[in-house]
Amino acid sequence: LPISVAISVSIGVSNMALVFCSAAFTEVMGATNCLLTIPMLFFVGLDFNPMLALPASLVAFGCILSTEGELHFSAEGVVLCLLANVFRSGKVTLQQKTTPS
């Protein structure tokens, strides 16, 4: 049930962000969820390979660079995109925690 709630909220909030931002901007912001997933892994006590920190940071940095000059920039849209990322990261973390390895 928590995973399905995280999916539903993530989709709903992401769709709400489309009211304030372009689809391209919300997709680029969605690619930064790797930075939110890393702290969530630590929060629930899962292991994280430190070798993945640099690639995750490079992706996030590239996303930040690509959003500069967004014509339809909206602070509300950014907040909604980040909230969607939090729930998307929560979904991924819960899936990893519940899936036997």
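Keep in mind that what you see is a predicted model, and the values were worked out from it rather than measured.

Draft legend 1. Highlighting the packing of helix α2 (residues 23–30) against helix α5 (residues 75–98). Interhelical geometry of α2 versus α5 gives an angle of 40 degrees and a closest axis separation of 9 Å. In terms of orientation, α2 lies oblique with respect to α5. By crossing handedness, the relation of α2 to α5 is classed as right-handed. In this structure, α2 contributes Phe25, Thr26, Met29 and Gly30 to the contact, and α5 contributes Val78, Cys81, Leu82, Asn85 and Arg88. A per-class count over the contact of α2 with α5 returns five nonpolar, three polar and one charged.

Draft legend 2. Representation of the environment of Leu52 within the structure. Tracing the chain through its elements places Leu52 in the loop between α3 (33–43) and α4 (53–66). When the C-alpha positions of Leu52 and Gly90 are compared, they lie 18 Å apart, and in sequence the two are 38 residues distant.

Draft legend 3. Main features of the nonpolar core. Of all hydrophobic cores here, the largest spans nine residues; its members are Val13, Ala17, Cys21, Phe25, Met29, Val78, Leu80, Cys81 and Ala84. Elements supplying a minimum of two residues to this core: α1 (2–20), α2 and α5. Looking at which element gives the most residues to this core, the answer is α5, with four residues. Dropping the residues within four chain positions of it, Ala84 is found in contact with Ser10, Val13 and Ser14. Counting five residues, the second largest nonpolar core, distinct from the first, contains Ile38, Leu41, Phe48 and Ala56.

Draft legend 4. Quick look at the confidence of the model for the protein. With 99% of its residues at a pLDDT of 70 or more, the protein shows a mean pLDDT of 89. Per-element confidence in the protein is highest for α1, whose mean pLDDT is 94, and lowest for α4, whose mean pLDDT is 85.

Draft legend 5. Geometry of the packing of aromatic side chains. If you walk through the whole model with that rule in mind, you get one aromatic pair. Their ring planes at 70 degrees and their centres at 6.0 Å tell us that Phe42 and Phe48 sit as a pair that is edge-to-face. Of the residues examined, Phe42 reaches a relative accessible area of 52% and is grouped as exposed.

What counts as what
Residues numbered from 1 in each chain as written. Predicted model: local features only at pLDDT ≥ 70, side-chain atom pairs only at ≥ 80, totals over all residues. Heavy atoms only, no water. Axes fitted to C-alpha atoms, helices over the stretch in contact; angles between N-to-C directions. Helix = DSSP H or I, 4+ residues; strand = E, 2+ residues; numbered from the N terminus. Parallel < 35°, antiparallel > 145°, perpendicular 65-115°, else oblique. Left-handed = near helix turned anticlockwise from the far one by under 90°. Contact = heavy atoms within 4.5 Å. Nonpolar A, V, L, I, M, F, W, Y, C, P; charged D, E, K, R; others polar. Core = buried A, V, L, I, M, F, W, Y, C linked by side-chain atoms within 4.5 Å. Buried < 20%, exposed > 50% of the residue type's maximum accessible area, 1.4 Å probe, protein only. pLDDT = per-residue confidence, 0-100. Phe/Tyr/Trp six-rings, centres within 6.5 Å; stacked < 30°, edge-to-face > 60°.

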